[in-house]
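# Remarks on the overall topology
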Amino acid sequence: MIVLFNKPFNVLCQFTDKEKRKTLSDFIPIKNIYAAGRLDYDSEGLVLLTDDGKIQHKISDPKYKLEKCYWAQVEGKINWTDVQKLNRGVLLNDGFAKVAKVKIIDNPIIWERNPPIRERKSIPTSWIELTITEGRNRLVRRITAAIGYPTLRLIRISIGQWKINKLKPGEFEIINSP
């Protein structure tokens, strides 16, 4: 079994928390499933869970280089020259990082975030779609910041063949294993 879950903002990608923050157990009543990979507390979007260890390993192991696609709302009006920097790659403190694909997108039709992002009247925002194949900690946020565009909102929309589709934050869908 695979469970597709649209993780809301400020929810931990685990089933328990000693600090009493919201976790997967606040939304998913299914026993004996585990997250295949993680999504940061302050990020939103698709999380895959499964009861099958082989599938979990294939989804989360970096050697399989499963594509993960994100929509990132960044501070500033991003331009094509800066998008090309992401294509070429940027040097981070833990090594060189490159996106597999990136493009500027119009404001996607998505749910409101609670709480909303900070807005500055004098600084516009832009949306980009990025696809990565590595899973380094906070990678999308770090590479957009490295080229001068801090990420304000980050939504994972797909992992490999699985897509978030019409799931609203906090909703999940059970699908058969591939």
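Structure's up top.
Residues numbered from 1 in each chain as written. Predicted model: local features only at pLDDT ≥ 70, side-chain atom pairs only at ≥ 80, totals over all residues. Heavy atoms only, no water.

It is worth spelling out empty space enclosed by the protein at this point. In this structure the tally under the stated criterion is one cavity of 30 Å³ or more. Quantified by volume, the largest cavity comes out at close to 40 Å³. As for the largest cavity, its lining consists of E75, R118, E119, R120, I123, T125 and L152. For the lining of the largest cavity, a count of residues per class yields two nonpolar, one polar and four charged. (1 Å grid on protein atoms, 1.4 Å probe; cavity = no way out; pocket = protein on both sides within 12 Å on 5 of 7 lines; lining within 4 Å. Points joined across faces, edges and corners; volume = space filled by probe spheres on them. Nonpolar A, V, L, I, M, F, W, Y, C, P; charged D, E, K, R; others polar.)

Another point: the layout of surface pockets. One way to see where empty space is left: roll a probe the size of a water molecule over the atoms. Here the largest pocket defines a volume of roughly 440 Å³. Taken together, 25 residues line the largest pocket, and the ones lying closest to its centre are R38, Y70, G135, R136 and R156. The volume enclosed by the second largest pocket comes to roughly 220 Å³. Around the second largest pocket, the lining residues are W71, I109, I110, W111, I155, I157, S158, K163, I164, N165 and L167. By residue number, the principal contributor to the lining of the second largest pocket is strand 9 (residues 151-159), which donates three residues. Tallied by class, residues from the lining of the second largest pocket come to eight nonpolar, two polar and one charged. (Helix = DSSP H or I, 4+ residues; strand = E, 2+ residues; numbered from the N terminus.)

With that out of the way, let us pick up the pattern of salt bridges. Across all of its chains, the model carries 14 salt bridges by this definition. Across the pair R153 and E44 runs a salt bridge whose closest N-O atoms are separated by 2.7 Å. Highlighted residues: R153 in strand 9 and E44 in strand 3 (residues 44-50), separated in sequence by 109 residues. With respect to class, R153 is no different from E44; both count as buried. Through salt bridges with shared partners, a single ionic network connects D40, D42, R138 and R141. (Salt bridge = Lys/Arg side-chain N within 4 Å of Asp/Glu carboxyl O. Buried < 20%, exposed > 50% of the residue type's maximum accessible area, 1.4 Å probe, protein only.)

Function cannot be inferred from these measures alone, as they are strictly geometric.
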